[in-house]
Each structure stands twice: as structure tokens, then as C-alpha cells.
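Analysis of the macromolecular model
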Amino acid sequence: MVQIPKQPAPPSPAQRPVPTSADVARLAGVSRATVSYVLNNTSAVRISEPTRRRVHEAAKELGYVPHAAARSLRAGHSRMVLMPAPSVPVGPLYSQFFNELQWALSRLDYTVVQYGSVGLHGDEAARVWAELRPVAVLVPGSGLGPQGVAVLKRSGARAVVTLGPECVEGAHALLMDHDRVGHCAGAHLVARGRRRIGVVVPEEAGLEIFSQPRLEGVRRALHGTDASVTELPLAYEEVAAARLAARWRSLGLDAVFAYNDEYAMLLMCALQDEGIGIPDETAVIGADDLMLGRLLRPRLSTVHIELPSGRDLAELVDRAVREPGATPETHEVLGARIVHRDSS
């Protein structure tokens, strides 16, 4: 066992007073009201660009930042938008979407806080979120119910927005119907002459809110044809993909919709290691249209998923905050289209 030697504690520097807006005003040569208007990005008051620059430079020099709680008291509500961390694995496509959304909200002067809610679900989680007194809550996935929405609104949340497969009473809803993703993939494979189609169903907990609608979408696309569907449970592990590939020929499949591009790449490499020709013996298609799929050989066919722009969603949140009594809006926001490449 290696012991880390203790280092003497460094001498503590003299405690500096916390800078105030009055200090910034003095250094910039303006009033405290002007400092407030500039740093709170108030649009109702016209302030020249040189003055804005002086205030920002003074604040930076002094290390001054506005007090969020005081600003909330003046406004009558906070500017915090709470985003519970997704309880399921999200890939690069959704990570990019959430990053764009946070950037767009910050441009509208909201502070975005991502909350880790591991172990908390539904209305129980809503009570914990409410303790932070957010002005808006964006809830990815499913599980939140009307009671949870009511708890959030009673705590001061002016907007609750859900991103999932169904509406929740009292909340704005961005509906993401993953059935159409599977339908696109299934219709494409049937059109390419494939009749024995496997569908990967990830074994990772939580992904069933995406995988089951995609599976049903494939079934819907094959309805009325002579094609068949075989479910393929698969963990996101090389050894699991290798085991599935080893028995592939005994399954008699000539195509596979692999849930998304990451699972498709995992399975395609395992199939190639078994000497199974792609697309000659088995066509492969994923979803998400990740760049890495274009770099594979053969290039990966995929379903391109169109998510709402972060800017549009940020504007919905801002509109809901400004008009808390308005009727909740519902928008279908997930689009899907085939990108046909070499693997199918």
C-alpha cells in the first residue's frame, strides 16, 4: 500500500470582500441601475455599446457576478430551467440535441441545471425537483404523471414540458413517436426484397421506451406481406454480438434492423468476423445517421432522425414561462427518413 505524504497546508490569503454592484458602478463610472440593466441583459432600456463594454470589463476585473437569488426576488420567479438527467442511455444524437437546447436557453437568459435523479421516478422525482424552485422543467422520457406536474406548478414552475411518447395532463408535450423509425426501416428492407427480418431489441434497462415502438413499427411495415419478424435481444457488448453472429445462419435471416447505428456497427462487425457477407447474405440498417456509419465498409444504411431544433424548443419554454395560464401545447417533433447506403 502506497502512502501519500501529507503536505503542509498553504497559508490562507487575506479574505477579500465580496464585490458588489456598487463597486462595479464606481469602477465603470455609471449608476447601479445601469449595472443592473447591463448584467441582467434588460432589453427595455437602451444603453450604448461603449457603456455596456465598460460595465462588463469592470465586472470581469472585480470578479463580480449577479446574485441569482436577488434577481429571482426582483422578477418574482427564478430563471432556472431544470433538466433531469435522462434515466436511460442516450447516444450522440440526443446528446447533441440537449447541448443545442441548453445553448439556446442560455441565449434567452435562462440558467440550465441538469439534475441527476438516479433512483427517483415519476411523481416522486417531481417532488425533489420542486425543492429547487425552477421556473421550468423539461422532462425527457416517460413516468411523470399529472400529480407530478401539479406539484411542480404549485412550487412555482411556470412551464413543464415533456419529451416522450405521450401527453401528460397539464404539461406541454413534444411527442416523439419511434414507431415511425421502425416503420421506415421495415418498409425499406421489404422494398429491397428481404423477407426474413431480424429486429435487435437492446437488453439495456430503460431503452424499451424506444425499442418497443421501433419493433412495432417494423411489424406494421410488414403487415400484409409475406415477410416475417424475429426479435433479437442483444446486450451492447462485443461478446454478446459474437454469440449472436455465431448462430446467425441457423436463424435463416436475410436482413436486420439493428435498433440504432451503434448496435448496427457492433453487430455488423461481428457478422463480418463470422464470414457473413453484407449485404449479400444479410442486409443491415441502423438509425440516427451517425457520421461513423459512413466511414464503415460497407457504408451503413440508416434511418435519419429529425429532432426539433434547440432554438424552437427554447422559444416554447420562454413562451410558456411568459404565459403560464395558456393552454398546454402539443407538437409531434420526431421525423424519420431512410438514408440508403451499401449495407442494405
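**Some points on the pairing of strand E7 (residues 228–234)**
Note: strand E6 (residues 196–202) against E7, 7 bridges, orientation parallel. Across the sheet, Val 201 pairs through a bridge with Pro 233, a residue of E7. As a crossover connection, the stretch from E6 through helix H9 (residues 208–222) into E7 is right-handed.

**Things to note about the environment of Val 30**
Within the fold, Val 30 resides in the loop between helix H1 (21–28) and helix H2 (32–39). For the pair Val 30 and Arg 54, spaced 24 residues apart in the sequence, the C-alpha separation amounts to 9.0 Å. Residues contacting Val 30, with those up to four places away along its chain left out, are Ala 25, Val 35, Thr 51, Arg 54 and Val 55.

**A short note on unusual backbone geometry**
For the bond from Ile 278 to Pro 279, the omega torsion is 10°, close enough to zero to count as cis. Among the secondary structure elements, Pro 279 is positioned in the loop between helix H12 (261–273) and strand E9 (283–287). Omega for the bond connecting Arg 297 with Pro 298 falls within 30 degrees of zero, at 0°, which places this linkage in the cis form. The backbone of Arg 133 sits at a positive phi, close to 55°, despite the residue not being glycine. Assignment of secondary structure puts Arg 133 in the loop between helix H6 (122–130) and strand E3 (136–140). Located in the positive-phi region is Tyr 259, a residue other than glycine, with phi close to 75°. Its location among the elements puts Tyr 259 in the loop between strand E8 (255–257) and H12.

**Quick word on the packing of aromatic side chains**
Summed over all chains, the structure comprises 3 aromatic pairs. On the numbers, 5.3 Å between centres and 50° between planes, the contact of Phe 97 with Phe 98 is tilted. A relative accessible area of 4% places Phe 97 in the buried class. Aromatic side chains Tyr 259 and Tyr 263 sit 5.6 Å apart centroid to centroid with 85° between the ring planes, which places their arrangement in the edge-to-face category. Side by side, Tyr 259 and Tyr 263 carry an identical accessibility label, which is buried. Three or more aromatic residues joined by ring pairs make a cluster, and in this case those are Tyr 236, Tyr 259 and Tyr 263. In this structure, Arg 79 packs its charged tip against the face of Tyr 110, placed 3.9 Å from the ring centre. Across the ring face of Tyr 259, the terminal group of Arg 214 is positioned such that the distance to the ring centre comes to 4.8 Å.

**Some remarks on the sheet that holds strand E5 (residues 172–175)**
Spatially, 6 strands are ordered E2-E1-E3-E4-E5-E11 in an open sheet, and the strand pairing comes out parallel. With partners counted over all chains shown, the strands left at the sheet margins are strand E2 (111–115) and strand E11 (330–332), one partner each. Averaged over all pairs of adjacent strands, the angle between strand axes in this sheet comes to 15°, irrespective of strand direction. Inspection of the sheet shows strand E1 (residues 80–84) paired to E2 by 5 bridges, in the parallel sense.

**Quick notes on the pattern of salt bridges**
Tallied over the full model, the rule gives 13 salt bridges. The salt bridge partner of Arg 180 is Glu 332, with a shortest N-O separation of 3.4 Å. Within this pair, whereas Arg 180 is found in helix H8 (residues 179–191), its partner Glu 332 is found in strand E11, the two being separated by 152 residues in sequence. Residue classification places Arg 180 among the partly exposed residues on the basis of a relative accessible area of 29%. Here Glu 332 falls in the exposed class, since its relative accessible area comes to 63%.

The rules behind these values
Residues numbered from 1 in each chain as written. Predicted model: local features only at pLDDT ≥ 70, side-chain atom pairs only at ≥ 80, totals over all residues. Heavy atoms only, no water. Pairing = 2+ DSSP bridges. Helix = DSSP H or I, 4+ residues; strand = E, 2+ residues; numbered from the N terminus. Right-handed = clockwise from strand over helix to strand, strands pointing away. Contact = heavy atoms within 4.5 Å. Phe/Tyr/Trp six-rings, centres within 6.5 Å; stacked < 30°, edge-to-face > 60°. Buried < 20%, exposed > 50% of the residue type's maximum accessible area, 1.4 Å probe, protein only. Lys NZ or Arg CZ within 6 Å of the ring centre and 35° of its normal. Axes fitted to C-alpha atoms, helices over the stretch in contact; angles between N-to-C directions. Salt bridge = Lys/Arg side-chain N within 4 Å of Asp/Glu carboxyl O.

In short, shape yes, function no, at least from these values alone.
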